[in-house]
Amino acid sequence: MVFFYPILYKILSYIMFSFCNSIIKYLIGGSYFMIENPVPIYIIVMYSYMFGAFFLFPYFYLKKYIFKFKIKYFLLHILRLVFFVSGFLLWGLSFKFMSIVQVVIISFGSYLLSIFGSSFFLKEKITLNRFICLFISIFGVFFTSLHLNNLYNEHVFDFVFLLPIFSSFMFSFEKLVSRKLILLKEDGVFLVFYIMFLTPFFCIIPVIKYGWFFPDVNHFFYFFVLGFCSILSIYFYNKAYVYSEVTFLMPFFPFKLILSCVFGYLFFGEILNFFNLFVWVFILIFCIILLYYEKRFDLLKIL
């Protein structure tokens, strides 16, 4: 059962992350369901993470985490925060111009950086089983991306095309730093709290640059839900890397694409591509089977 824990936590983080993507896309004015007063992404992030910090504070107090509060690795936490906030702001801005599945699939290239970084900096070993899963996953995502309408020709000469790419690179660096902190025995609860509590302060920088925006009353409901989903997303995300390595979870990226397609179809009327869904489901089943038997039957020993 331990094998399925990191996969389960990763899937749960993907689900929460997809909810966050949908809410952000609506609030920022990137959907066909027009919002009367679109909200700038830095205001969305600031308010939602303020709510998230308020949610966490009672838990911290009741569990007496507040008395254990200290930052052992200050530089790593600051780097992680900078990477996370920068990536989130660029990621959210992408939804104003592109569909959810377009943003997610364009960001896939940065996963190669995560694989390289985890192998080079975190010294993770890529077994033959993992290599096959990574190759199948990468090839499958690239192949199916060719079937997405207007993925490349619409934004290829536009700066918009670069937003999810730069964002995903920031998230990749944040992922490596998070894994490093976990290896240094940092508590996963503190990793969530630092992000939720300090992110609003970092959002003051774009406020100074671009000005303040006064949200409508109905916006606060979405900020409330977004803050709650963000907590769960970050918690499940960190929990997955407590149980497993980065290279083990990379092949399950197609599940994120499946959720993006489903959420985009349900909430924004985006067109489903059933061929792509079939390929992604096949990749997931193949990777689960091969990685499950990674320890029991290593292909290197057979070959």
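Just above, that's the structure.
The shown structure was predicted, so the numbers you read here are calculated from the model rather than taken from an experiment.

Draft legend 1. Just the packing of aromatic side chains, in detail. One pass over the full model with this rule turns up 35 aromatic pairs. Ring centres 6.3 Å apart and planes at 10° place the aromatic pair Phe 135 and Phe 139 in the stacked group. You can see Phe 135 and its partner Phe 139 sitting in helix 6 (residues 128–145), four residues apart, about one turn around the helix. Between Phe 193 and Phe 197, the aromatic rings sit 5.5 Å apart at their centres with planes inclined by 10°, giving stacked as the arrangement. With Phe 193 and Phe 197 both in helix 8 (residues 188–202) and four residues apart, the pair spans about one turn of that helix.

Draft legend 2. Representation of a nonpolar patch on the surface within the structure. Side chains of Phe 4, Val 281, Ile 285, Ile 289, Tyr 292 and Tyr 293 sit close together on the surface and give an oily, nonpolar patch of about 520 Å² of accessible area. Top element by residues in the nonpolar patch is helix 13 (residues 274–292). It accounts for four residues. Mapped onto the elements of the fold, Tyr 292 is located in helix 13.

Draft legend 3. Broad picture of the packing of helix 1 (residues 4–27) against helix 12 (residues 253–268). Orientation of helix 1 relative to helix 12, taken along the N-to-C sense of each, is 35°, at an axis distance of 9 Å. Every pair of crossing elements has a handedness; the one defined by helix 1 and helix 12 is right-handed. Of helix 12, the residues touching helix 1 (which contributes Ile 11, Tyr 14, Ile 15, Phe 17, Ser 18, Phe 19, Ser 22, Lys 25 and Tyr 26) are Phe 253, Phe 255, Lys 256, Leu 259, Ser 260, Phe 263, Phe 267 and Phe 268. When the residues that make up the contact of helix 1 with helix 12 are grouped by side-chain class, the tally is twelve nonpolar, three polar and two charged.

Draft legend 4. Geometry of helix 5 (residues 110–120). Along helix 5, the residues classified as buried are Ser 110, Tyr 111, Ser 114, Ile 115, Gly 117 and Ser 118. Contacts from the buried residues of helix 5 go to helix 1, helix 6, helix 7 (162–183), helix 11 (246–249) and helix 12.

Here is what the cut-offs are and how they apply
- Residues numbered from 1 in each chain as written.
- Predicted model: local features only at pLDDT ≥ 70, side-chain atom pairs only at ≥ 80, totals over all residues.
- Heavy atoms only, no water.
- Phe/Tyr/Trp six-rings, centres within 6.5 Å; stacked < 30°, edge-to-face > 60°.
- Helix = DSSP H or I, 4+ residues; strand = E, 2+ residues; numbered from the N terminus.
- Patch = residues over 30% accessible without salt bridge, like charges linked within 9 Å, V, L, I, M, F, W, Y side chains within 5 Å.
- Areas by Shrake-Rupley, 256 points an atom, 1.4 Å probe, with all protein chains shown as cover.
- Salt bridge = Lys/Arg side-chain N within 4 Å of Asp/Glu carboxyl O.
- Axes fitted to C-alpha atoms, helices over the stretch in contact; angles between N-to-C directions.
- Left-handed = near helix turned anticlockwise from the far one by under 90°.
- Contact = heavy atoms within 4.5 Å.
- Nonpolar A, V, L, I, M, F, W, Y, C, P; charged D, E, K, R; others polar.
- Buried < 20%, exposed > 50% of the residue type's maximum accessible area, 1.4 Å probe, protein only.

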